[in-house]
Amino acid sequence: VGPAGALSLAGMLSLAGTLAGDSGVQPAGTPLPLDLGHTVPAGGDALSHSRGLDCWEVRKHNSSEWCRFVRSNPDCRLEGGFLDYLDGVFCVFPPQLLPLAVTLYALWLLYLFVILGVTAEKFFCPNLSAISTNLKLSHNVAVFSLTSTLHGVTFLAFGNGAPDVFSAVVAFSDPRTAGLAIGAVFGAGVFVTTVVAGGIAMVKPFTAASRPFLRDAIFYMVAVFLTFMVLYFGRITLGEALGYLGLYVFYVFTVVLCTWIHRRQRGEGPTPPSPWEPEMPTDAEERESSGANSGDYGEEYRPLLPSPESSLRILSTALSPLDHRKWRRKPWYWRLFKVFKVPVELVLLLTVPVVDPDKDDLNWKRPLNCLHIVTSPLLCVLTLKSGTYGLYQIQGVFPVWALVALVGSILATIIFITTSNEQPPKYHCVFAFLGFLASAMWINAAATELVNILRTLGVIFQLSNTVLGLTLLAWGNSIGDTFSDLTMARQGYPRMAFSACFGGIIFNILVGVGLGCLLQMTSSQLVVKLEPDSLLVWILAGALGLSLVFSFVAVPAQCFQLGKAYGLCLILYYLAFLCVALLTEFKVIHLSTA
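Since we're looking at a predicted model, the values are computed, not measured.

Novice: Just give me the short version of the state of the cysteines, but keep the residues and values in it.
Specialist: Evaluation of the coordinates by the stated rule reveals two disulfides. A sulfur-sulfur distance of 2.1 Å marks the disulfide that ties C55 to C76. On the sign convention where negative means left-handed, the S-S torsion of about 115 degrees between C55 and C76 marks this disulfide as right-handed. In this pair, C55 sits in the loop between β1 (32-35) and α2 (66-72) while C76 sits in the loop between α2 and α3 (85-92), placing the two residues 21 residues apart along the sequence. This pair shows no difference in class: C55 is buried, exactly as C76 is. The partner cysteine of C67 in its disulfide is C91, sulfur to sulfur 2.2 Å. Note on the C67 and C91 pair: the S-S dihedral is about 110 degrees, so by sign convention the disulfide is right-handed. Residue C67 is found in helix α2, and its partner C91 is found in helix α3; the two are separated by 24 residues along the sequence. For the protein chain, the bonded cysteines pair up as 1-3, 2-4 when numbered in the order they occur along the sequence.

Shown next as structure tokens:
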């Protein structure tokens, strides 16, 4: 667990560390404020005072003044990212076409979720699997929860957790979007532990594994309680941020210890899967969909007696994200979704290598892997801090990206000359680390755009960051968990899917909040101030805690036998919570000031 977990966390630290610098440095001795509620302030209608106004005030002005207000107000500047969405909607599009701009932004938002899902499923997770294999780690220990994706079974905790954690880190990097992080972490927790868990119980009634459920529920309740206390005191210190990460390490240790004790009780030697870790189906269809370049694009159609292929043929086959024979036997909705995914998959195939330990050749594609030596480092320098480092010119003459491309081309040429198409080199495992880094950079870039566009939608509709986080961001990041867990339940593995509901989100809250706040701290300021000035934040925290307590009491009370009644109660609970949250956002429910 240690090496794989440390590698993933180190990767996220190195990738997201620069984001903390985007939000500016606060004066020494002053806690860094993170506004979680972000209510719309009153007053200050004159455009001349726009520099002191909240960006949410733009819609209170005449439409002819929107562009001037956005461009002159420092609060309207989006930190990081490649596109200025606020400038686009208020300056590029005329006021009459505001609905069109919102529609385009909504479609782009959905596509960003597709990018996050495809990157995590087919590139981030397979490379994490290859790294854990090369480090001689058990997949069960390295990942903690199994499953995920409509096309098969893969790792979940780091894979599905990566978009959530990167989104939280990016949101925490700017005080104006910190509410998105809290809303998304808590909102996804409520959604997964009610709608997804309830859906599993309704689709396939089952008997839950007692010890894993109680262990995960207790750890998650402790994490929620810690976050509640942090919000109550309005600050998080260095020790508390490290405590979040330390609690996750302790959770890892507990999982390893419980697994070891359970196996000791069952006897030494190879052991069958435990009740909450059933063997996974390994038929050709699921092998076909287990990851990029590992069978998804025509593996089952390979000839029995393969003949040597030319490098050009290998390259064209490896870069094809679509298999025509598979296309013909798939339903129309799969084809439609595939059409949207093809551009993303093609760009990812060009920039992210994938190592597959389950294949004889480890997914070695010499021409494509040599191309990755050039494209992957280029991707890293051009996406790091939105390309600032990549576009920097050495001595004002030679750009960094050109130097990276030159060095990469030399290395690619050497590797191409010294290797063959049939046999992977001994150092092929290095490509797994390169692919892990490149896919993490893709996730980080997509998460940055995601947070920026959500903030823009919040400005347009005058919605708080918290409600955007608990709805759009939480739903988008949880959609992969929803479909994969329900699919697993239908396939006859409801225990595994139910365990993933509670096991995976522990990583999200502990690492998301802990790492996000840790990256906000500086050597001169070791306290981050949280400002939950909205009632909605407390409703969100209370709803998550209450749902966990309900399951913690109700599941043992039913002797761990979960059926449709339990699932229906959870779903109704979420609907009631959502109604209360929206009524609070629109001030129908509010605290009396008398």
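Novice: Quick rundown of the side chain of D356? Include the residues and the values.
Specialist: Among the secondary structure elements, D356 is positioned in the loop between α13 (332-351) and α14 (366-383). There is no salt bridge for the buried D356, and the closest opposite charge comes from K359, which lies 5.4 Å off by N-O distance. Within the local environment of D356, its side chain forms a polar contact with the backbone nitrogen of D358, the two atoms lying 3.1 Å apart.

Novice: Please provide a residue-by-residue account of the packing of aromatic side chains, values included.
Specialist: Geometrically, a pair of aromatic rings is defined through the distance of the ring centres and the angle of the planes. With the rule as written, the count across this model stands at 19 aromatic pairs. The interplanar angle of 80 degrees and the centroid separation of 5.5 Å between the aromatic rings of W66 and F90 together place this pair among those described as edge-to-face. Of the two residues, W66 is situated in helix α2 and F90 in helix α3; the sequence distance between them amounts to 24 residues. Neither W66 nor F90 differs from the other in exposure class; each is buried. Centre to centre, the rings of F213 and F560 are 6.4 Å apart; their planes meet at 80 degrees, and the pair counts as edge-to-face. A residue pair is termed long-range when its members are at least 10 positions apart, and F213 in helix α8 (residues 210-233) and F560 in the loop between α20 (535-557) and β7 (561-562) qualify at 347 residues. Each member of the pair, F213 as well as F560, is classed as buried. Cluster of aromatic residues (ring-pair linked, three or more members): F219, Y248, F250, Y251 and F507. Here the basic side chain of K330 rests over the ring of W334, its NZ or CZ set 5.6 Å away from the ring centre. Taking NZ or CZ as reference, R366 lies 3.9 Å from the ring centre of F416, over its face.

Novice: Please give an account of unusual backbone geometry that cites residues and values.
Specialist: Phi angles above zero are rare outside glycine, and Q462 is one such case at about 55 degrees. Of note, Q462 is situated in the loop between α17 (430-461) and α18 (465-490). Classification of Q462 as partly exposed rests on a relative accessible area of 32%. Phi angles above zero are rare outside glycine, and F560 is one such case at about 65 degrees.

Novice: How would you explain the packing of α8 against helix α19 (residues 494-518) if you had to name every residue and give the values?
Specialist: Remark: α8 packs on α19, axes separated minimally by 9 Å, with the N-to-C direction vectors making an angle of 30 degrees. If you check the angle between α8 and α19, you find them roughly parallel. The crossing of α8 and α19 is left-handed. Side by side, α8 and α19 meet where F213, D216, F219, Y220, A223, V224 and T227 of the first sit next to F498, S499, F502, G503, I505, I506, I509 and L510 of the second. Here the residues of the contact of α8 with α19 are counted per class, giving eleven nonpolar, three polar and one charged.

Novice: Describe the environment of P321, listing the residues and the values that go with them.
Specialist: On the secondary structure map, P321 appears in the loop between α11 (311-318) and α12 (324-328). Sequence separation between P321 and P343 is 22 residues; the distance between their C-alpha atoms is 8.7 Å.

Novice: So what's going on with the environment of K385? Residues and values would help.
Specialist: For K385, the position within the fold is in the loop between α14 and α15 (388-391). Distance from K385 to F82, taken between C-alpha atoms, is 9.5 Å for residues 303 residues apart in sequence.

Novice: Which residues make up a nonpolar patch on the surface, and what values go with them?
Specialist: Taken together, Y392, I394, V397, F398, L403, L406, V407, I410, L411 and I414 make up a surface patch of nonpolar side chains, about 920 Å² in accessible area. It is helix α16 (residues 400-418) that contributes the most residues to the nonpolar patch, six residues altogether. Tracing the sequence through the fold places I394 in strand β4 (residues 393-394). Residue I394 is classed as partly exposed on the basis of its relative accessible area of 34%.

Rules of the game
- Residues numbered from 1 in each chain as written.
- Predicted model: local features only at pLDDT ≥ 70, side-chain atom pairs only at ≥ 80, totals over all residues.
- Heavy atoms only, no water.
- Disulfide = S-S within 2.5 Å.
- Helix = DSSP H or I, 4+ residues; strand = E, 2+ residues; numbered from the N terminus.
- Buried < 20%, exposed > 50% of the residue type's maximum accessible area, 1.4 Å probe, protein only.
- Lys, Arg positive; Asp, Glu negative; His and termini not counted.
- Salt bridge = Lys/Arg side-chain N within 4 Å of Asp/Glu carboxyl O.
- Polar contact = N/O pair within 3.5 Å; in protein donor to acceptor, adjacent residues only side chain to side chain.
- Phe/Tyr/Trp six-rings, centres within 6.5 Å; stacked < 30°, edge-to-face > 60°.
- Lys NZ or Arg CZ within 6 Å of the ring centre and 35° of its normal.
- Axes fitted to C-alpha atoms, helices over the stretch in contact; angles between N-to-C directions.
- Parallel < 35°, antiparallel > 145°, perpendicular 65-115°, else oblique.
- Left-handed = near helix turned anticlockwise from the far one by under 90°.
- Contact = heavy atoms within 4.5 Å.
- Nonpolar A, V, L, I, M, F, W, Y, C, P; charged D, E, K, R; others polar.
- Patch = residues over 30% accessible without salt bridge, like charges linked within 9 Å, V, L, I, M, F, W, Y side chains within 5 Å.
- Areas by Shrake-Rupley, 256 points an atom, 1.4 Å probe, with all protein chains shown as cover.

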